[in-house]
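# Overview (structure and organization)
So the chains spell out like this:
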Amino acid sequence: MVQSSKYWEFVKLDSTSKRRVEMIVAAQTYFQKEFAGKGEVSDAAIARYLWQQMQQGKVSHTEEANLAEICLRCYISQQIYRVCLDLTMRFGNRHGFTTEELLPFVLDDQVISETSKQPKVRKSIYESLATKLLKTFEPAKGSLNAWVSRYVKQNAEIKRFLLQHGVFLISDWALLNDTNPKELQRILADMYHLTPMEIEQVCQLLVSYHAVYREDRLQQKLAGVNQPCQIPTAEQLTRMINDLQSRTNRKLSQEAMLNQLQAMASKLRQYRIAAQGGYIASVAYDQPEIQPIVERSLLTEEGDDKADFMNLYQAEFLTSLDAAISHVVEVALGKLQSKRNTNQEIRRLYLTGLHLFHCQGQPMSQIAPQLGMKKQYEVTRFLKLNELRADIRQSMLIILRDRVLQIAQEFTNFERLQRLDQQLELILDEQISGVMQEAESEVKNPVRNQPLSGLLARRLCHYLDNRSEVK
């Protein structure tokens, strides 16, 4: 049953940006008169009728046309609120925003002037979102509800706000459709520092996806079917698997194919967010509400085992990170001593530089004189932080992979363990990359003279604090 009140209850923000609902009595009277005795009428039919009344009265400026437009604007204000509420329910908790933060970007209509009993549409130079919606809405091409949803989600301020909170509004499957293998190759190399073999494997997956899924989409469009990208069907996954095997002799299960496509889309999503200046969420190994991908892949049925596996996995994630930091820093110290043929002083300077940057938040220019250097770039070349992060990432991937497989033997059977073995590197790489991207982002945008707060920085400081050379 259609809720008629949304055609005469106007949602707006008051002077304190709080949501308020104002009842427009004249709009209620008009609406009830126009639809009296017509039985159940759909929202699409109501919107079409009101839009026609509004168009017919544009020249003569009749009272009926004015009221029809007010009813439509009340409806639009309700739908704008619902779209913002839906975005918050889907992403707000995880990405840290509320409906109240979204509304000011799009709930900007001030349609009513005079009194609620004798309302007039306010005419001004400023175009609210509702004004633009009504100018461009064409009932023959779709519903007003869908048009509102599209406009709100495409609003530049909303998109910018969501990007800043790590949300990029596009499905995994549309994202994969929109990416060519050359672009993917560049992203995997530049942003994720994968090896040529790893890049080739992922790119071949995309080729199989395009050969099946994108080709099916093109055929559907030629046949006049145009709908949002949906998750691949089992039949499409099977065709992708066969295509991949025929070209590379690599055999995947449907579950593994789906997981690896989603892992690839996640990488592309994070790249697009970063490229547009957005925030990339870090891996939340220590946040119980966000479960690691490993857990989802390995154990989906046994509730008690899930918790046990999670506890072991989280502990191993941290242990592996600590081991990788220790190994990579020692290797870096060894190279420095070998190249410069100096005494222990070079070790102390290197460790002190890392400590000042990560644990005290000092800028390179401030660190330089403390290390006996004159210029900021000398410190950058000396510490080589990009190289340090890349080496820790690779080392951690190797260490954690072996340890997770050992843990998994206690929780799953041989067949599932084999499946896990095939996809583990991609799964772990996604999580470890999250930690490294967080660290990279933090280095580019530090809070001066405060310790860096990311996981990598915290564990690196823990390691440095336990070394006697650091002063």
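Residues numbered from 1 in each chain as written. Predicted model: local features only at pLDDT ≥ 70, side-chain atom pairs only at ≥ 80, totals over all residues. Heavy atoms only, no water.

With that settled, the discussion passes to the overall build of the protein. Secondary structure summary: the protein contains 20 helices and four strands in total. Contacts in the protein between residues far apart in sequence, at least 24 positions, make up 67% of those at least 6 positions apart. With the model as given, the accessible surface of the protein reaches about 24200 Å², and the carbon-plus-sulfur share is 49%. (Helix = DSSP H or I, 4+ residues; strand = E, 2+ residues; numbered from the N terminus. Contact = heavy atoms within 4.5 Å. Areas by Shrake-Rupley, 256 points an atom, 1.4 Å probe, with all protein chains shown as cover.)

With that settled, the discussion passes to the environment of serine 149. Along the chain, the position of serine 149 falls in helix α6 (residues 144-154). Serine 149 sits in the buried class, given a relative accessible area of 19%. Sequence separation between serine 149 and arginine 82 is 67 residues; the distance between their C-alpha atoms is 8.9 Å. (Buried < 20%, exposed > 50% of the residue type's maximum accessible area, 1.4 Å probe, protein only.)

The next point concerns the pairing of strand β2 (residues 19-23). Both strand β1 (residues 9-13) and β2 contribute to a ladder of five bridges, which runs antiparallel. Bridge assignment links valine 11 to a residue of β2, and that residue is valine 21. Between β1 and β2, which pair antiparallel one after the other, the connecting turn spans five residues, and serine 17 there sits at a positive phi close to 65°. (Pairing = 2+ DSSP bridges.)

Let us now look at the nonpolar core. Leu50, Ile76, Ile80, Leu102, Leu144, Val152 and Leu162 are the most contacted members of the largest nonpolar core, which totals 47 residues. Among the secondary structure elements, those contributing two or more residues to this core are β1, α1 (25-34), α2 (43-56), α3 (63-95), α4 (99-106), α5 (129-136), α6 and α7 (156-164). No other element matches α3, which puts 14 residues into this core. Every residue in contact with leucine 162, bar those within four places of it in the chain, is listed here: Leu87, Phe97, Leu102, Val167 and Leu169. Core analysis: the second largest hydrophobic core is formed by 44 residues, Val328, Leu333, Phe357 and Val379 among them. (Core = buried A, V, L, I, M, F, W, Y, C linked by side-chain atoms within 4.5 Å.)

Next up on the list: the pattern of salt bridges. Once the charged atoms of two side chains with opposite charge are near each other, the side chains can pair. Applying the stated criterion to the full structure yields 14 salt bridges. The partner of lysine 6 in a salt bridge is aspartate 43, and the shortest N-O contact between them spans 2.9 Å. Of this pair, lysine 6 sits in the segment before β1 while aspartate 43 is found in helix α2, placing the two residues 37 residues apart along the sequence. The salt bridge partner of arginine 247 is aspartate 243, with a shortest N-O separation of 3.0 Å. A residue pair is termed a helical-turn pair when its members lie 3 or 4 positions apart in one helix, as arginine 247 and aspartate 243 do in helix α11 (residues 234-248) at four residues. Overall, the relative accessible area of 35% leaves arginine 247 in the partly exposed class. (Salt bridge = Lys/Arg side-chain N within 4 Å of Asp/Glu carboxyl O.)

Turning our attention to the packing of aromatic side chains. On inspection of all chains with the given rule, the structure shows 12 aromatic pairs. Between the aromatic rings of tyrosine 7 and tyrosine 75, the centroid separation amounts to 5.0 Å while the plane-to-plane angle is 10°, which identifies the pairing as stacked. Remark: tyrosine 75 occurs in helix α3 and tyrosine 7 occurs in the segment before β1; sequence separation between them is 68 residues. Tyrosine 75 shares its class with tyrosine 7; the two are buried. Here the aromatic cluster, defined as three or more aromatic residues joined through ring pairs, consists of Tyr7, Trp8, Phe31, Phe35, Tyr49 and Tyr75. A cation sits over an aromatic face here: arginine 19 above tyrosine 81, 3.9 Å from the ring centre. (Phe/Tyr/Trp six-rings, centres within 6.5 Å; stacked < 30°, edge-to-face > 60°. Lys NZ or Arg CZ within 6 Å of the ring centre and 35° of its normal.)

Time to look at the packing of helix α10 (residues 196-222) against helix α12 (residues 254-275). One way to put it is that α10 packs onto α12 with a least axis distance of 10 Å and a crossing angle of 105°. By the angle class used here, α10 and α12 are roughly perpendicular. Only Met257, Gln260, Leu261 and Met264 of α12 make contact with α10, whose side of the interface consists of Val202, Leu205, Leu206 and Tyr209. A class-by-class count of the residues in the contact of α10 with α12 yields seven nonpolar, one polar and no charged. (Axes fitted to C-alpha atoms, helices over the stretch in contact; angles between N-to-C directions. Parallel < 35°, antiparallel > 145°, perpendicular 65-115°, else oblique. Nonpolar A, V, L, I, M, F, W, Y, C, P; charged D, E, K, R; others polar.)

This brings us to the confidence of the model for the protein. One rule of thumb: low pLDDT means the predicted coordinates there are not for detailed reading. With 77% of its residues at a pLDDT of 70 or more, the protein shows a mean pLDDT of 79. Averaged pLDDT values over the elements of the protein bottom out at 44 in helix α13 (residues 293-298) and peak at 93 in α11. Within the model, the stretch residues 281-304 combines pLDDT values under 50 with 48 contacts to residues more than four positions away or in other chains. (pLDDT = per-residue confidence, 0-100.)

For glycine 353, the location among the structural elements is in helix α15 (residues 345-358). In sequence terms glycine 353 and alanine 368 are 15 residues apart; their C-alpha atoms lie 8.5 Å from each other. Beyond its immediate sequence surroundings of up to four residues, glycine 353 is in contact with Ile367, Leu371 and Leu383.

A separate point is α15. Because each turn of an α-helix spans 3.6 residues, side chains separated by three or four positions end up pointing in the same direction. Here α15 is 14 residues long and its end C-alpha atoms lie 20 Å apart, about the 20 Å a rise of 1.5 Å per residue gives. Of all 14 residues in α15, 12 are buried; the element is thus mostly enclosed. Ile346, Arg347, Leu349, Tyr350, Leu351, Thr352, Gly353, Leu354, His355, Leu356, Phe357 and His358 are the residues of α15 that are buried. (Expected span 1.5 Å × (residues − 1).)

Phi is positive for serine 17, close to 65°, though the residue is something other than glycine. The backbone phi angle of asparagine 249 is positive, close to 65°, even though this residue is not glycine. Mapped onto the elements, asparagine 249 comes out in the loop between α11 and α12.

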